[in-house]
Amino acid sequence: GAVVSQHPSRVICKSGTSVKIECRSLDFQATTMFWYRQFPKQSLMLMATSNEGSKATYEQGVEKDKFLINHASLTLSTLTVTSAHPEDSSFYICSATWGSNQPQHFGDGTRLSIL
Amino acid sequence: QQQVKQSPQSLIVQKGGIPIINCAYENTAFDYFPWYQQFPGKGPALLIAIRPDVSEKKEGRFTISFNKSAKQFSLHIMDSQPGDSATYFCAASMNSGNTPLVFGKGTRLSVIA
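Residues numbered from 1 in each chain as written. Chains lettered and ligands numbered in written order. Predicted model: local features only at pLDDT ≥ 70, side-chain atom pairs only at ≥ 80, totals over all residues. Heavy atoms only, no water.

### Overview of the sheet that holds strand β7 (residues 67-73) of chain A
Residue and element names in this part refer to chain A.
- Reading across the sheet, the four strands line up as β1-β3-β8-β7 and stay open at both edges, with antiparallel pairing between neighbours. Because the sheet does not close on itself, it has two edges, and the strands there are β1 (4-7) and β7. Averaged over neighbouring strand pairs, the angle between their axes works out to 15 degrees when direction is ignored. (Pairing = 2+ DSSP bridges. Helix = DSSP H or I, 4+ residues; strand = E, 2+ residues; numbered from the N terminus. Axes fitted to C-alpha atoms, helices over the stretch in contact; angles between N-to-C directions.)

### Some points on the packing of aromatic side chains
All names here are of chain B.
- Scanning the entire structure with this criterion turns up 17 aromatic pairs over all chains.
- Geometrically, the ring pair formed by Phe33 and Phe73 is tilted, given 5.0 Å between the ring centres and 55 degrees between the ring planes. Of this pair, Phe33 sits in strand β4 (residues 33-38) while Phe73 sits in strand β8 (residues 72-77), and the two are 40 residues apart along the sequence.
- With a centroid separation of 5.9 Å and 50 degrees between ring planes, the pair formed by Tyr36 and Phe103 is classed as tilted. You can see Tyr36 sitting in strand β4 and its partner Phe103 sitting in strand β10 (residues 102-103), a full 67 residues away along the chain. Grouping residues by exposure puts Tyr36 and Phe103 together as buried. (Phe/Tyr/Trp six-rings, centres within 6.5 Å; stacked < 30°, edge-to-face > 60°. Buried < 20%, exposed > 50% of the residue type's maximum accessible area, 1.4 Å probe, protein only.)

### Focus: the state of the cysteines
All names here are of chain B.
- The tally for this structure, following the rule as stated, stands at two disulfides over all chains.
- A sulfur-sulfur distance of 1.9 Å marks the disulfide that ties Cys23 to Cys90. Torsion about the S-S bond of the Cys23 and Cys90 cystine: about -95 degrees, corresponding to left-handed handedness. Taken together, the positions of Cys23 in strand β3 (residues 20-25) and Cys90 in strand β9 (residues 86-92) put the pair 67 residues apart, joining distant regions of the chain. (Disulfide = S-S within 2.5 Å.)

### Structural notes on the interface of chain B and chain A
- Tallying the contact residues gives 21 residues for chain B and 23 residues for chain A.
- Overall, the association of chain B and chain A removes approximately 1,700 Å² of surface from exposure, summing both partners, and the carbon and sulfur fraction of that is 55%.
- Where chain B packs against chain A, one counts one salt bridge.
- With a closest N to O distance of 3.8 Å, A:Asp108 and B:Lys42 form a salt bridge.
- Between the two partners, chain B and chain A, sit five residue pairs in polar contact (both at pLDDT 80 or more).
- In terms of residue class, the side of chain B that touches chain A is built from eight nonpolar, nine polar and four charged. (Contact = heavy atoms within 4.5 Å. Buried area = accessible area lost by both parts, 1.4 Å probe. Salt bridge = Lys/Arg side-chain N within 4 Å of Asp/Glu carboxyl O. Polar contact = N/O pair within 3.5 Å; in protein donor to acceptor, adjacent residues only side chain to side chain. Nonpolar A, V, L, I, M, F, W, Y, C, P; charged D, E, K, R; others polar.)

### A few points about unusual backbone geometry
- With omega at 0 degrees, the peptide bond leading from A:His7 into A:Pro8 counts as cis.
- The omega angle of the peptide bond from B:Ser7 to B:Pro8 is -5 degrees, so this bond is cis rather than trans.
- Take B:Pro8: it is sitting in the loop between β1 (4-7) and β2 (10-14).
- At A:Lys41, a residue that is not glycine, the phi angle is positive and equals roughly 60 degrees.
- Its place among the elements puts A:Lys41 in the loop between β4 (32-38) and β5 (44-51).
- Judged by relative accessible area, A:Lys41 falls into the exposed class, the value being 72%.
- The phi torsion at A:Ser83 lies on the positive side, around 45 degrees, for a residue other than glycine.
- The residue A:Ser83 is located in the loop between β8 (76-81) and β9 (90-97) in this model.
- Among the residues examined, A:Ser83 registers a relative accessible area of 33% and is labelled partly exposed.

Written as structure tokens, this is what we have:
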């Protein structure tokens, strides 16, 4: 149980393109989803916290106009990287939970490469 | 400011050995301490987690030891296998689930046959 699916797993696109990444909880209703960014051989850095039906809360230094997060339903959150540039190339990972005192379960990540 | 400090950065053990990974935290409001295992190109998978009301928790070959007064916790992997080779992250949060996790920097474990 507690499966989180992330799509696509890999994206390669040109600079200036906007990219949408989907995060779905397959067998539970996710009241809260989180988006992380991970550079090679580094730890996960929280980008934003997303509650269903509410605006996402962004961490300091994360541009909300650059990284658009939508959590329109209890099973789906999306991250859109707008006008992506090479420095946005990274591994983006989402996690989801169904409430307090419940663990976070992670998707398998999206490898974004901007040429 | 790093709120969760993890060591060592990398670790090599022989098959059957018991690697130990240590973490220390600063924020006494943390009350949930999970460990995640991550293979290359994959997302982290929850291994085991502990709360401050117990000093040890065991699940299969994985054991967490927790020292509340020292604000430290560690992961022990019994009878380690080559398939355990991965990066391990400790983390901490307040009220688990719907609050963000603060991750350690990770430990790259290699188990050699």
